[in-house]
Amino acid sequence: MASSGFRFELMHTDTGSNARRGRLHTPRGSVELPTFMPVGTLGTVKGVDVDRLRSTGSQIVLGNTYHLALRPGADVVASLGGLHEFMGWSGPILTDSGGFQVFSLADRVKVTESGVSFRSHIDGSPLEITPERSIAIQELLGSDFAMAFDHVVALPNKREVIADATWRSVRWAERCRQAAQRNDQMLLGIVQGGLDPRLRQDCAKALVALDFQGYAIGGLSVGEPPPEMYATLEATIPALPADRPRYLMGVGRPEDLVESMARGVDMFDCVMPTRNGRNALAFTDRGTIRLRNAQHERDSSPLEADCPCPACQHSRGYLRHLFQAKEMLGPILTSIHNITYYQRLMAEARLAIESDAFDEFRRAKLAGWEA
Ligand code: GUN
Ligand code: ZN
């Protein structure tokens, strides 16, 4: 609940935008903000061992309550020393609460005021997650950052459905706040409210009254057009305290990161670099590259000339060959390249904020991706 060893330091706000340069101090080291967290749902960032992950510039990783509770079980992780020890990652870890699986596994869930009954996506066995249980699982996992258990719905959706899920998320957030016992874990509230600016602001105010140590913005990137997501950020962020970190959950494409940083977001997570990497899609400053495309067959150039990652020691022609031959190294190398790409983007963004040049940076990146 309280936070010994945790501190959010706001170092600088860009003069030409709302982009913020900060630092999140934790007992497991500090995280430079804005930051991107690779997704390690099951205690592994798919295809990337922890030493390689570190060398991509990643400082904090994300794990998932629902998935780890099902397999291997939070008690198993705890008996093997907690999630850090279990996966061999000594840096900070943030765990998501399971609330997103209400949305992503919608046909396998039943929501009541008490909580959510899941039918396991693995074997159909029942799993009950309440706000209290989500916190208990996250405490067993021993993450540094825990998320409140929320109710996420798809967009577009009926006004009443969104409002109902939003206020349930607030009531559940209060129960999470009550349940949280550890002072070595920071708890973040999650703002819901669909695309309705009033509902977002009311939700944010209600969560701020509960005094969380940080605030996430959830329920976005669930089917709405990007400009509506940006407008929702603009409506929500002014209702959040400047002295707490802000985390936009499950976002996104490189342009979404840049546009969201410009609006004052400090933290991100997304499966995109790894999921796309497994599907032979690579990110570069000149847009995405489909490695399976025949045009790369005899291409001797690397994905990016100045990228220090191990994939960029090879030609596009070789990477394409790995995918065509279904070699496991193809997905592995492309995932590593993509995470490296995201982390270099974040490092450049941090420098741009420090020198009050974020808008220039933003324009240059967007122009490159469009080319
Ligand atoms: N991941 C992406 N969006 C969300 C959200 O709204 N809530 C939770 N808990 N996780 C998310
Ligand atoms: Zn690379």
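Residues numbered from 1 in each chain as written. Chains lettered and ligands numbered in written order. Predicted model: local features only at pLDDT ≥ 70, side-chain atom pairs only at ≥ 80, totals over all residues. Heavy atoms only, no water.

## A word on the side chain of Thr56
Position of Thr56 relative to the elements: it lies in the loop between helix H1 (50-55) and strand E5 (61-64). Discounting chain neighbours no more than four positions away, the residues touching Thr56 are Ile336, Ile339, Thr340 and Gln343. (Helix = DSSP H or I, 4+ residues; strand = E, 2+ residues; numbered from the N terminus. Contact = heavy atoms within 4.5 Å.)

## Some thoughts on the nonpolar core
Of all hydrophobic cores here, the largest spans 85 residues; its most connected members are Leu207, Leu248, Leu257, Met261, Phe268, Leu291 and Phe358. With 10 residues, the top contributor of residues to this core is helix H13 (residues 329-354). Taken domain by domain, this core gets at least three of its residues from each of domain 1 (7-270) and domain 2 (279-371). Setting aside residues no more than four positions away along its own chain, Phe358 makes contact with Asp14, Ser17, Ala19, Val258, Met261, Ala262, Ala349, Ala352 and Ile353. With 19 residues, the next largest nonpolar core counts Leu24, Met37, Ala216 and Tyr247 among its residues. (Core = buried A, V, L, I, M, F, W, Y, C linked by side-chain atoms within 4.5 Å. Buried < 20%, exposed > 50% of the residue type's maximum accessible area, 1.4 Å probe, protein only. Domains from an automatic or database assignment.)

## Observations concerning the pattern of salt bridges
Under the defined criterion, the tally for this structure stands at 26 salt bridges. The residue Asp211 makes a salt bridge to Arg244 at a minimum N-O spacing of 2.8 Å. Highlighted residues: Asp211 in the loop between helix H8 (197-209) and strand E12 (214-217) and Arg244 in the loop between helix H9 (226-236) and strand E13 (246-248), separated in sequence by 33 residues. Residue classification places Asp211 among the partly exposed positions, given a relative accessible area of 38%. The exposure class assigned to Arg244 is partly exposed, which follows from its relative accessible area of 23%. (Salt bridge = Lys/Arg side-chain N within 4 Å of Asp/Glu carboxyl O.)

## Overview of the sheet that holds strand E7 (residues 109-111)
With antiparallel pairing, three strands are arranged side by side in an open sheet as E7-E8-E9. The open sheet has two free edges, formed respectively by E7 and strand E9 (126-129), since each of these has just one partner strand. Each adjacent strand pair in this sheet contributes to an overall mean axis angle of 15°, direction not counted. Where E7 lies against strand E8 (residues 116-119), three bridges are found, and the strand directions are antiparallel. Bridge pairing in E8 links Lys110 to Ser117. (Pairing = 2+ DSSP bridges. Axes fitted to C-alpha atoms, helices over the stretch in contact; angles between N-to-C directions.)

## Description of the coordination of the zinc ion (ligand 2)
Taken together, Cys307 (SG), Cys309 (SG), Cys312 (SG) and His337 (ND1) make up the full set of protein donors to the zinc ion (ligand 2), lying 2.1 to 2.3 Å away. Around the zinc ion (ligand 2), the four donor atoms are arranged such that angles at the metal cover 100 to 116°; this shape is classified as tetrahedral. Taken in sequence order, the residues that donate to the zinc ion (ligand 2) follow the motif C-x1-C-x2-C-x24-H. Classification of Cys307 by relative accessible area gives buried; the value is 6%. (Donors = N, O, S within 2.8 Å, 3.2 Å for Na, K, Ca; no water. Tetrahedral: all angles 85-135°; square planar, octahedral: opposite > 155°, others 65-115°.)

## Re the packing of aromatic side chains
A complete count under the given rule lists nine aromatic pairs for this structure. Their ring planes at 75° and their centres at 5.6 Å tell us that Phe6 and Phe145 sit as a pair that is edge-to-face. Of this pair, Phe6 sits in the segment before strand E1 (7-13) while Phe145 sits in strand E10 (residues 145-147), placing them 139 residues apart in sequence. Neither Phe6 nor Phe145 differs from the other in exposure class; each is buried. One aromatic cluster in this structure is built from Phe36, Phe283, Tyr341 and Tyr342. Above the plane of the ring of Trp89 lies Arg54, whose end atom (NZ or CZ) is 4.4 Å from the centre. The residue whose ring lies beneath Arg177 is Phe212, and the NZ or CZ to ring-centre distance is 5.9 Å. (Phe/Tyr/Trp six-rings, centres within 6.5 Å; stacked < 30°, edge-to-face > 60°. Lys NZ or Arg CZ within 6 Å of the ring centre and 35° of its normal.)

## Structural notes on the sheet that holds strand E14 (residues 267-270)
Read from one edge to the other, the open sheet built from eight strands follows the order E4-E14-E13-E12-E11-E10-E6-E5, with strand pairing classed as parallel. Bordering the open sheet on either side are strand E4 (35-38) and E5, each of which pairs with just one other strand. Along the sheet, successive strands turn relative to each other by an average axial angle of 25°, direction set aside. Pairing between E10 and strand E11 (residues 186-191): three bridges, direction parallel. In the strand pairing of E11, Ala146 is matched with Leu187.

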